[in-house]
Amino acid sequence: MIKTDILIIGAGPTGLFAVFEAGLLKLKCHLIDALPQPGGQCAEIYPKKPIYDIPAYPEVLAGDLVNNLMKQIEAFEPGFTLGERAETIEKQDDGSFIVTTNKGTKHQAPVVAIAGGLGSFEPRKPQLGNIGDFEDKGVEYIIRDPELYRDKKVAIAGGGDSALDWAIFLADVAKEVSLIHRRNEFRGALDSVEKVEQLTKLGKIRLITPAEVTGLKGKDSLESIEIKKADETFDLQVDHFIPLFGLSPKLGPIANWGLEIEKNAIKVNNALDYQTNIPGIYAIGDVNTYPGKLKLILCGFHEATLMCQSAYQRIFPDKKYILKYTTVSGVDGFDGSRKEAEKAVVKSIS
C-alpha cells in the first residue's frame, strides 16, 4: 500500500505543479498516470511544440516545460505510479481514500486531486480489422522501451511530432526504420522534418509517402504490413508496426466514481477550492468544469495552488496556515535542500 498526503491522478503540468505547492505546505504527493512518463500531452503528443502563454516564458517547448517542472519539484521527492490507470476508489472509515489501479497497485491518502487533463488517454487505432490479433505481438501504440526494437525492422505510421521523433530516435537503434504517412507534408516541428529528410538521404529511414497501411499479416506474430501507395499495393516485411496517430482523451473509470459530470468534465466549486461533490476529492486543470472555465495550463497552476491550501486545512483542521511568500520564507525540500534569498548585510555606522 502506497500512502501519501495528496494522491494526484494525472502527471501533466497541473499535477506536477501541485507537487510544488503541496511541498511548500510540507505535504507529500504521489502521482498516478496511465502514460509511461510524466508530462501528459506535453510529453506524449507535442514535446517539441512551443507554448506562448506561460508567464515569464515568451516561448517554451512543451517538453522543456515538463523538464523544468520536474526539476522544480525534485526536492519534494514525489512518488510516481506510471503506466497504470486509476481504476477504483473506496472511502475509508477514517475519511481517507484508497485508489486501486488497473494493475492492482493500491494507494491511500486523505486527499485525492484529479489532474487528469482531458482524461486518461487511449491510443487512436487505425481501422484495420485484425489489428487486435497482433497487439503485443508486433503492434504497439506507445513506445515504452526503445530497446525492444534493437536490430529489428520497424514501421512507424503517422505525421506528427511523436512519429517524427521516434523515427529519428529509432534510426540508431533498429535495423530498419520505415516512416509511413498519408500525406507528403508533416505536422511536426520543422527541425524534426528536416532531420527525417537528412536521415532518409543517408538511408537510415525509409520514407513512404503519400501512403497508408491497409493490412497486417503474420501467423503467431506480425510478419509484414500491406501498404497502399497511389495505385500500387505492396508488402513490407517488419517485426514491429507502431501507429502513432495520437491519443484519444476519455474520463475512463473516473466517470464511475460518483462525481458530478458535465460534458465529459468534472464539476467543481470554483468559488472556493475546486472541490468536487465528494468532500476530499478535488479536480484541477482541464479535467474540471465551472462557469467561465478556460482550459489553459496557467489556469491549472492557479487551481492547483488553491486546492493545496484547502487540502492542508482538510488534513490539519486544527492548524492555521499563514501564507508566506517564497521570497521571504525560502523553499525547504524534503531532501534537506534549501533555497532562499541572500540576506541583507547590516553594517553599523561608527
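Everything quoted here is computed from the prediction, not taken from an experiment.

Cut-off values and rules
- Residues numbered from 1 in each chain as written.
- Predicted model: local features only at pLDDT ≥ 70, side-chain atom pairs only at ≥ 80, totals over all residues.
- Heavy atoms only, no water.
- Salt bridge = Lys/Arg side-chain N within 4 Å of Asp/Glu carboxyl O.
- Helix = DSSP H or I, 4+ residues; strand = E, 2+ residues; numbered from the N terminus.
- Buried < 20%, exposed > 50% of the residue type's maximum accessible area, 1.4 Å probe, protein only.
- Patch = residues over 30% accessible without salt bridge, like charges linked within 9 Å, V, L, I, M, F, W, Y side chains within 5 Å.
- Areas by Shrake-Rupley, 256 points an atom, 1.4 Å probe, with all protein chains shown as cover.
- Lys, Arg positive; Asp, Glu negative; His and termini not counted.
- Charge placed at Lys NZ, Arg CZ, Asp CG, Glu CD.
- Axes fitted to C-alpha atoms, helices over the stretch in contact; angles between N-to-C directions.
- Parallel < 35°, antiparallel > 145°, perpendicular 65-115°, else oblique.
- Left-handed = near helix turned anticlockwise from the far one by under 90°.
- Contact = heavy atoms within 4.5 Å.
- Nonpolar A, V, L, I, M, F, W, Y, C, P; charged D, E, K, R; others polar.

A. Structural view of the pattern of salt bridges. Overall, the coordinates contain eleven salt bridges when judged by the stated rule. One salt bridge in this structure joins Glu303 and Lys293, with 2.9 Å as the shortest N-O distance. With Glu303 in helix 6 (residues 297–315) and Lys293 in the loop between strand 23 (288–289) and helix 6, the pair connects residues that are ten residues apart, well separated along the chain. Across this residue pair, the class does not change: Glu303 and Lys293 are buried.

B. Structural view of a positive patch on the surface. On the surface, a cluster of positive charge is contributed by Lys49, Arg182, Arg183 and Arg187. Tracing the sequence through the fold places Arg187 in the loop between strand 13 (176–180) and helix 5 (190–201).

C. Main features of the packing of helix 4 (residues 161–170) against helix 5. Running from amino to carboxyl end, helix 4 crosses helix 5 at an angle of 40°, the nearest separation of the two axes being 10 Å. In terms of axis orientation, helix 4 runs oblique to helix 5. For the pair helix 4 and helix 5, the crossing hand works out as left-handed. Between helix 4, through Leu164, Asp165 and Ile168, and helix 5, the contact on the second element is made entirely by Ser192, Val193, Lys195, Val196 and Leu199. Along the lines of polarity and charge, the residues of the contact of helix 4 with helix 5 split into five nonpolar, one polar and two charged.

D. Representation of the packing of helix 1 (residues 13–24) against helix 6 within the structure. Interhelical geometry of helix 1 versus helix 6 gives an angle of 35° and a closest axis separation of 8 Å. When the axes of helix 1 and helix 6 are compared, the crossing they make is right-handed. For the pair helix 1 and helix 6, the contacting residues are Pro13, Thr14, Phe17, Ala18, Glu21 and Ala22 in the first and Ile297, Gly300, Phe301, Ala304, Thr305, Met307 and Cys308 in the second. Among the residues forming the contact of helix 1 with helix 6, the class breakdown is nine nonpolar, three polar and one charged.

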